[in-house]
Structure formats: C-alpha cells, structure tokens
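Observations on the model geometry
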Amino acid sequence: MNPEAPRPTEDSRTGADLRVTEDPRAARTRAKLRKALLEECAGHPLHEVSVAALVRRAGVGRATFYVHYPDLEALAVDACADVVREAVEALHAWRGRPDPVRAPAALPEFFAGLAPHAGLYRTLLAPGGGGPLGRVLHRDLRAYSLRERELAGAADAPLVASAVAATFAGVLADWLHGLLDGTPQEIADQAWQLLVALHRSR
C-alpha cells in the first residue's frame, strides 16, 4: 500500500477551504512565500524573520502577504505541511504483511530528511507533539488511520486512530527536541514497533 495523501486543504489558522479560495495565481504566490520562508529560516530562527525581509525575498508586496496568511506562523505551518504528507505516506509505505520489527524504508528516509529544516520543525512542533504543526500532523494522521480502521470494520477505530496519531506525533517531536536518542533508522524502527503494537492491542 502506497497512498497518495493530499496536501492539507484547510488553512491551519483560519479554517478556510483552500480548494475553494485558491486560484492558480494565488497558488503561485503561496508557493513563493513558502519558498522564501524556508530560505529565510535556513539562516535565522522563525522569531527573527520579519515580514519585510520575507516579502522582499519572495518578490511580493506586504499587503499581498496578509491576503494569504494572518502571520508568519501560519505561513510557516503551510511551508512545513509537506512533512505531514510525507509522514502519512511513510507510515503506510508497505505492501503485504508488515514486518513487526523493521520499519518500511520510507520511514527512516522520512526521519533523515528532516535535518535541513529541523530548527523550524522544532519551533512549530512542541515536545509531546503539540504546537501548530503538531495539531496538523495529529489531525491528518488520525484521519487516515481512522479511515483505514473503519474500512477494515474495526470497532475500536476511533481509539486506535487517536493512539496512533498521538504516539507518532509525540515520538517525532521528542526526537527532534533531543529527548529521544537514535539514528533515523533506530527511531523509525522503534516508532514502527509501537504503532504495530497499537494495531494489535485490540
């Protein structure tokens, strides 16, 4: 199974449906702003990035920024939204009967790929899995897991879906913050073993 998980279709701060409000020109502007934000955060923590510097790098006006995002945090969550999609894909990138010990290859690759923007992820993903990015991650992981459990006819679908989302978001956040040791392969295998155990616990 190798699902194509969609990008979030809802603004993480306003709740606006991006499928309704985003035309091609708006999509290009948002892409420019996301790219500029990641470039700015490569050299500075998010709290040191200014809207003025961001729009200058993106080549758009200040007013244009506020048409699309209420603040820099909302843009940062949108810029990091791919990490949510990649996490969902990595957790479901297996075929047949899953290995209960060794994570599918996409999962350690996911953890290893966090390094370039780890500082920004730490800002948005608090220890334990909270924070604005943590909420998006939990929401999307829970929705995917719930859908799969319900399709399988599991009576415990809501419980397991919540546990899977909370467990993965918490492990990811704590690893990024240095509360858990391990290489990307080690933390992927450990997280995978926990998730397999959750699915088998009921």
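Quick note: structure is the one above.
Computed from a predicted model, the values in this text were never measured in an experiment.

So, about the pattern of salt bridges. Applying the stated criterion across every chain, the model contains 11 salt bridges. Among the ionic pairs, Arg139 bridges to Asp140, the shortest N-O distance being 2.8 Å. Judged by its relative accessible area of 18%, Asp140 is buried. Arg149 is the salt-bridge partner of Asp156, the closest N and O atoms lying 2.9 Å from each other. Across this residue pair, the class does not change: Asp156 and Arg149 are buried. What you see here is one network of salt bridges that share partners, running through Lys35, Glu39, Glu40 and Arg57.

Buried together is how nonpolar side chains tend to be arranged in soluble globular proteins. Counting residues in hydrophobic clusters, the biggest one holds 57 residues, and the most contacted among them are Leu37, Leu107, Phe110, Phe111 and Phe168. Element by element, the count of residues in this core is highest for helix α10 (residues 157-176), at 10 residues. Excluding residues within four positions of it along the chain, Phe111 makes contact with Phe168, Leu172, Trp175, Pro184, Ile187 and Ala188.

Another aspect to go through is helix α5 (residues 72-79). Counting buried residues in α5 gives 7 out of 8 residues, a clear majority hidden from the surface. Where α5 is buried, its residues meet α2 (24-43), α3 (51-58), α4 (62-68), α6 (81-91), α8 (118-124) and α9 (131-151). In this structure Asp71 caps α5, since a side-chain oxygen of it lies 3.3 Å from the backbone nitrogen of Glu73.

Cut-offs used in this document
- Residues numbered from 1 in each chain as written.
- Predicted model: local features only at pLDDT ≥ 70, side-chain atom pairs only at ≥ 80, totals over all residues.
- Heavy atoms only, no water.
- Salt bridge = Lys/Arg side-chain N within 4 Å of Asp/Glu carboxyl O.
- Buried < 20%, exposed > 50% of the residue type's maximum accessible area, 1.4 Å probe, protein only.
- Core = buried A, V, L, I, M, F, W, Y, C linked by side-chain atoms within 4.5 Å.
- Helix = DSSP H or I, 4+ residues; strand = E, 2+ residues; numbered from the N terminus.
- Contact = heavy atoms within 4.5 Å.
- Polar contact = N/O pair within 3.5 Å; in protein donor to acceptor, adjacent residues only side chain to side chain.

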